[in-house]
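Notes for the structure review
One-letter residues, chain by chain:
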Amino acid sequence: MTSLTAAVGQPTSAANPVLRFANVSAGYGKATVLRDVSFEVPAGGIIALLGPNGAGKTTLLKTAIGLLRPTHGAVYLHGKDVKHAAPNRRSRQGLCLIPEGRGIFRGLSVRDNLRMHQPRGAGVSVAETVDRAVAAFPILGERLGQLAGTMSG
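Since we're looking at a predicted model, the values are computed, not measured.

With that out of the way, let us pick up the overall build of the chain. The helix and strand tally for the chain stands at 4 helices and 4 strands. In sequence order, the chain lays out its α and β elements as β-β-α-β-β-α-α-α. Put simply, the chain has 153 residues, and 33% of those count as buried. Long-range contacts, defined here as pairs at least 24 residues apart, represent 57% of the contacts in the chain between residues at least 6 apart. Put simply, the chain shows about 9,800 Å² of open surface, and 55% of that area lies on carbon and sulfur atoms.

Set out below in structure tokens:
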């Protein structure tokens, strides 16, 4: 297993990043996969996590959502240290991971999937959730009635 040792994003000048890793190391048992990883995701920003199989991409994501605890460093969500916070607490703060191919209800429409993934207590209507998804991915607007399992990606 190779290690992810370099920062995966360049620190930004955003005063309040949504997600920040500060010198995080993590892994499985005695196998360290992430070594001193630091990056920030600014509010409204996007970063890409690229690397070959075994580089630590999934380990980084599992650490971000709380399925793995760092052995070193800190994870901040909205400026608060969540290193020891459970995944459900991080989810309520807006952080989630939807694994490829397993995050949808194949027999439901795209619209119904969006409704099912809407966080409880978010104070946002289903219509607003759909509007946000369509704004981010315009093609969904044409496919809201389509069964999610018939779509690729």
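From this point, the discussion proceeds with the structure in view.
With that settled, the discussion passes to the sheet that holds strand β4 (residues 80-81). Strands sit in the order β2-β1-β3-β4 across an open sheet of 4 strands; the sheet is antiparallel. Taken across any chain shown, the strands that pair with only one partner, and hence form the sheet edges, are β2 (31-41) and β4. Note that strand β1 (residues 19-28) and strand β3 (residues 72-77) share 5 bridges and pair antiparallel. Within the sheet, the bridge partner assigned to L19 lies in β3 and is L77. Against the sheet, helix α1 (residues 57-65) contacts β1, β2 and β3, and its axis sits at roughly 115 degrees relative to β1.

The next subject is α1. For α1, every residue scored as buried is listed here: T59, L60, T63, A64 and I65. Residues of α1 that are buried make contact with β1, β2, β3 and α2 (87-92). Phi for G66, located one or two positions after α1, is positive at around 95 degrees.

Cut-offs applied
Residues numbered from 1 in each chain as written. Predicted model: local features only at pLDDT ≥ 70, side-chain atom pairs only at ≥ 80, totals over all residues. Heavy atoms only, no water. Helix = DSSP H or I, 4+ residues; strand = E, 2+ residues; numbered from the N terminus. Buried < 20%, exposed > 50% of the residue type's maximum accessible area, 1.4 Å probe, protein only. Contact = heavy atoms within 4.5 Å. Areas by Shrake-Rupley, 256 points an atom, 1.4 Å probe, with all protein chains shown as cover. Pairing = 2+ DSSP bridges. Axes fitted to C-alpha atoms, helices over the stretch in contact; angles between N-to-C directions.

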